[in-house]
Amino acid sequence: MDSTCDLIIDSLKDEPIGETNHFTWFVTNIGIAALFKGEENFETYSSNVEIEANKIALDITKEEKEYLKIKERQLFLFYS
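Here's what I pulled together on the structure shown here. Everything numeric in this text was worked out from a predicted model, so none of it was measured.

**Quick look at the packing of aromatic side chains**
- Taken as a whole, this structure holds twelve aromatic pairs when the rule is applied.
- Ring centres of Phe36 and Phe76 lie 5.1 Å apart, and the angle between their planes is 50°; on these two criteria the pair is classed as tilted. With a gap of 40 residues between them, Phe36 in strand E3 (residues 32-36) and Phe76 in strand E5 (residues 73-79) connect regions that are remote in the sequence. Per residue, the accessibility class of Phe36 equals that of Phe76, and both read buried.

Written out as structure tokens, the structure reads:
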């Protein structure tokens, strides 16, 4: 595993900044991580992530979005 993945996994051990229906949200050294909560299909998560970010007062519309699967955990990473 590379150092980027290590940084993200370490950040998921910290207190989340919020929770929504489909995601638990974390601040990482790289950006904001939206950790998938369940096993729904990818399209469900992708279509809900921006709506749910707004529910916890995050504006991610101008950020780059990357899907990652690290150690069986799925998440979106948002960064500038």
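Now, onward.
**Overview of the environment of Lys69**
- As for its placement among the helices and strands, Lys69 is situated in strand E4 (residues 64-70).
- For the pair Lys69 and Leu35, spaced 34 residues apart in sequence, the C-alpha to C-alpha distance is 9.8 Å.

**Description of the sheet that holds strand E2 (residues 23-27)**
- If you walk across this open sheet you meet the five strands as E1-E2-E3-E5-E4, and the pairing is antiparallel. Each having just a single partner strand, strand E1 (18-19) and E4 make up the two edges of the open sheet.
- Pairing between E2 and E3: five bridges, direction antiparallel. Residue Trp25 lies in a different strand from E3, and its bridge partner there is Ala34.
- Of the strands in this sheet, E2, E4 and E5 touch helix H1 (residues 3-11), which is tilted by about 85° from E4.

**Remarks on the pairing of E5**
- Relative to E5, E3 is paired through four bridges, and the arrangement is antiparallel. Within the sheet, the bridge partner assigned to Leu35 lies in E5 and is Leu75.
- Once E4 ends, the chain turns through two residues before running back antiparallel as E5, passing Lys71 with a positive phi of about 50°.

**A look at the pairing of E2**
- Along E2, four of the five residues are buried, which leaves the element largely enclosed by surrounding structure.
- Sheet topology note: the E1/E2 ladder contains two bridges and is antiparallel. When the sheet's bridge partners are listed, Glu19 is paired in E2 with Thr24.
- Between E1 and the antiparallel strand that follows it, E2, lie three residues.
- Between the antiparallel neighbours E2 and E3 lie four residues.

Parameters at a glance
- Residues numbered from 1 in each chain as written.
- Predicted model: local features only at pLDDT ≥ 70, side-chain atom pairs only at ≥ 80, totals over all residues.
- Heavy atoms only, no water.
- Phe/Tyr/Trp six-rings, centres within 6.5 Å; stacked < 30°, edge-to-face > 60°.
- Helix = DSSP H or I, 4+ residues; strand = E, 2+ residues; numbered from the N terminus.
- Buried < 20%, exposed > 50% of the residue type's maximum accessible area, 1.4 Å probe, protein only.
- Pairing = 2+ DSSP bridges.
- Contact = heavy atoms within 4.5 Å.
- Axes fitted to C-alpha atoms, helices over the stretch in contact; angles between N-to-C directions.

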